[in-house]
2 protein chains.
Amino acid sequence: MDERLILVTNDDGYASKGIGAAIAVARRFGRVVVVAPETAQSGMSQAITMYRPLFLRRIPAGEGVEMYAFSGTPVDCVKVAFDHLLRDRRVDLVLSGVNHGSNSAVNVLYSGTMGAAIEGSFYGCPSIGLSLADHGADADFEAAELYAERIVRAVLERPVGESLCLNVNIPVGRPEEIRGVRVCRQNLGYWREEFYRREDPQGREYFWLTGDFVDREPEAPDTDERALAEGYVSVVPVQVDLTDYARMDSLRATLGLE
Amino acid sequence: MDERLILVTNDDGYASKGIGAAIAVARRFGRVVVVAPETAQSGMSQAITMYRPLFLRRIPAGEGVEMYAFSGTPVDCVKVAFDHLLRDRRVDLVLSGVNHGSNSAVNVLYSGTMGAAIEGSFYGCPSIGLSLADHGADADFEAAELYAERIVRAVLERPVGESLCLNVNIPVGRPEEIRGVRVCRQNLGYWREEFYRREDPQGREYFWLTGDFVDREPEAPDTDERALAEGYVSVVPVQVDLTDYARMDSLRATLGLE
């Protein structure tokens, strides 16, 4: 059997600590190609770069790892990997992360980590976004690596069906403190922002985004937020048909179509 | 009754022709506040700006219209509108567009127009993304205005339920050539990219994103792509729970959880 090929990307940039954890996990299962952003791209969602050219730069890396920094978004990285670098090669898995900070709940929509994972699934490749609930640049990824390895092994060695995309979040804690893995649904909370307002050196007012997550359903037992709060690794299977089927009939009535 | 208040935004920037069409439609229903990007933000998806401060600039506008350019993404514009400018005011509707170019099918995920509309729905406000299937800077928005007005009237004057978000695409054509409105589901096609590869003046290779949409289900009668191809305005109700419920049980089995 040919050796497996795993594409690793992230949104914190090729030099982040977290991508090292993803590469270490991927390396246990085969050859690794890394295509990650040159610079931090948190919050870039599914964004693509349309208005400027992008540069791809080879970065020295260890045995079995081929690494590139790309000057675009996480989704740009996945596209240049599949449509250029790996065009004629079979990719067995896309790993995006490990993100510094959780991407549970509605963060799946804003997250560059998950943008890249979703993009990977568009290429027909099982794709896993990995996020650790710790924003620190020097966060401890030991538990994240352990659980990522278990999940990657299951996905690579068992049947998973077409276009699998997983949003995996790991709570903060030592491996022995984590209670296990739970398959969950996406929590339906949202963000309320408080823009910092200050003046720049020229006296112009500026705004800087910050905010708080509002959990609309803290009592729900089956959400990713709840799993994390209870010390479990949350795994949400992700799909990308945003159609609100339940609303189609009432919408036809609203629009006077029947 | 208080006059209605409508927030208008887009992803092509405050100076685009298409936003003029959205403002004209909105003005027929009440007062209008426009918060739109300073610069073109196509393909920015649900992206937010985390790493730099943003500037808000008042732009002179006509009677009943209060207009601002914001130096961030479409989603940033919606956030600064709801969380700062309009914090204590009731917003009746968010209109995002009219985009120069269609946002049917999976483009709902990449589109800054739809990113802003989805964000509007997070604030509990009915939100409509409007896109015309013509990328030209000088596209003809007459039919788009006509159909946008009909849809806005229906949404404002009839019950629509909570968190309504619509992805509306208008085909190219004179008003009399358009065959009507169809409520559809999102087509499940995807993009395959062909990066332009050239050398810059210093001899460095660069990549520039381009690509072709691949319709995976051209025979399906109920998709937005099909409606547009047949000359109908497509309306897809959008929701943002990406959980793939149909896959939860098999995923538990894959992960050895039961």
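Residues numbered from 1 in each chain as written. Chains lettered and ligands numbered in written order. Predicted model: local features only at pLDDT ≥ 70, side-chain atom pairs only at ≥ 80, totals over all residues. Heavy atoms only, no water.

Residue and element names in this part refer to chain A. Taken residue by residue, helix α1 (residues 17-27) has G18, I19, A21, A22, I23, V25 and A26 as its buried positions. Those residues of α1 hidden inside the fold are in contact with β1 (5-9), β2 (31-37), β4 (65-70), β5 (93-100) and α5 (142-157). A distance of 3.4 Å separates the backbone nitrogen of I19 from a side-chain oxygen at the start of α1, and that oxygen is part of S16. (Buried < 20%, exposed > 50% of the residue type's maximum accessible area, 1.4 Å probe, protein only. Helix = DSSP H or I, 4+ residues; strand = E, 2+ residues; numbered from the N terminus. Contact = heavy atoms within 4.5 Å. Polar contact = N/O pair within 3.5 Å; in protein donor to acceptor, adjacent residues only side chain to side chain.)

Let us look at the nonpolar core. With 70 residues, the main nonpolar core has A:L7, A:V35, B:L7 and B:V35 as its most contacted residues. The contact partners of A:V35, leaving out residues within four places of it in the chain, are A:L7, A:V8, A:T9, A:L56, A:Y68, A:F70, A:C77, A:V80, A:A81 and A:L85. Grouped together as the second largest cluster of nonpolar side chains are 46 residues, B:F29, B:I59, B:I128 and B:L130 included. (Core = buried A, V, L, I, M, F, W, Y, C linked by side-chain atoms within 4.5 Å.)

Let us look at the packing of α1(A) against α5(A). Residues and elements named next belong to chain A. Where α1 meets α5, the axes come as close as 10 Å, and the angle between the chain directions of the two elements is 40 degrees. Put simply, α1 runs oblique to α5. Viewed along their axes, α1 and α5 form a crossing whose handedness is right-handed. Between α1 and α5, the contacting residues are A21, A24 and V25 on the first element and E145, A148, E149 and V152 on the second. Residues of the contact of α1 with α5, tallied by class, amount to five nonpolar, no polar and two charged. (Axes fitted to C-alpha atoms, helices over the stretch in contact; angles between N-to-C directions. Parallel < 35°, antiparallel > 145°, perpendicular 65-115°, else oblique. Left-handed = near helix turned anticlockwise from the far one by under 90°. Nonpolar A, V, L, I, M, F, W, Y, C, P; charged D, E, K, R; others polar.)

Here the focus is the packing of aromatic side chains. The geometry of an aromatic ring pair is captured by two quantities: the separation of the ring centres and the angle between the planes. This structure, assessed with the given rule, holds 16 aromatic pairs over all chains. When the centroid spacing of 5.9 Å and the interplanar angle of 65 degrees are considered together, the rings of A:W191 and A:F213 count as edge-to-face. Residue A:W191 is located in strand β9 (residues 190-193), and its partner A:F213 is located in strand β12 (residues 211-214); the two are separated by 22 residues in the primary sequence. On the basis of relative accessibility, which here comes to 24%, the residue A:W191 falls in the partly exposed class. With a relative accessible area of 23%, A:F213 lands in the partly exposed category. Taking 6.0 Å as the distance between ring centres and 75 degrees as the angle between the ring planes, the aromatic pair formed by A:F207 and B:F70 counts as edge-to-face. Here A:F207, found in strand β11 (residues 205-208), pairs with B:F70, found in strand β4 (residues 65-70), and the two come from separate chains. Grouping residues by exposure puts A:F207 and B:F70 together as buried. Of the aromatic side chains, those joined through ring pairs into one cluster are A:F55, B:Y206 and B:W208. The ring of B:F55 carries A:R204 above its face, with NZ or CZ at 3.9 Å from the centroid. In this structure, B:R150 is placed above the aromatic ring of B:Y147, and the distance from its NZ or CZ to the ring centre is 4.7 Å. (Phe/Tyr/Trp six-rings, centres within 6.5 Å; stacked < 30°, edge-to-face > 60°. Lys NZ or Arg CZ within 6 Å of the ring centre and 35° of its normal.)

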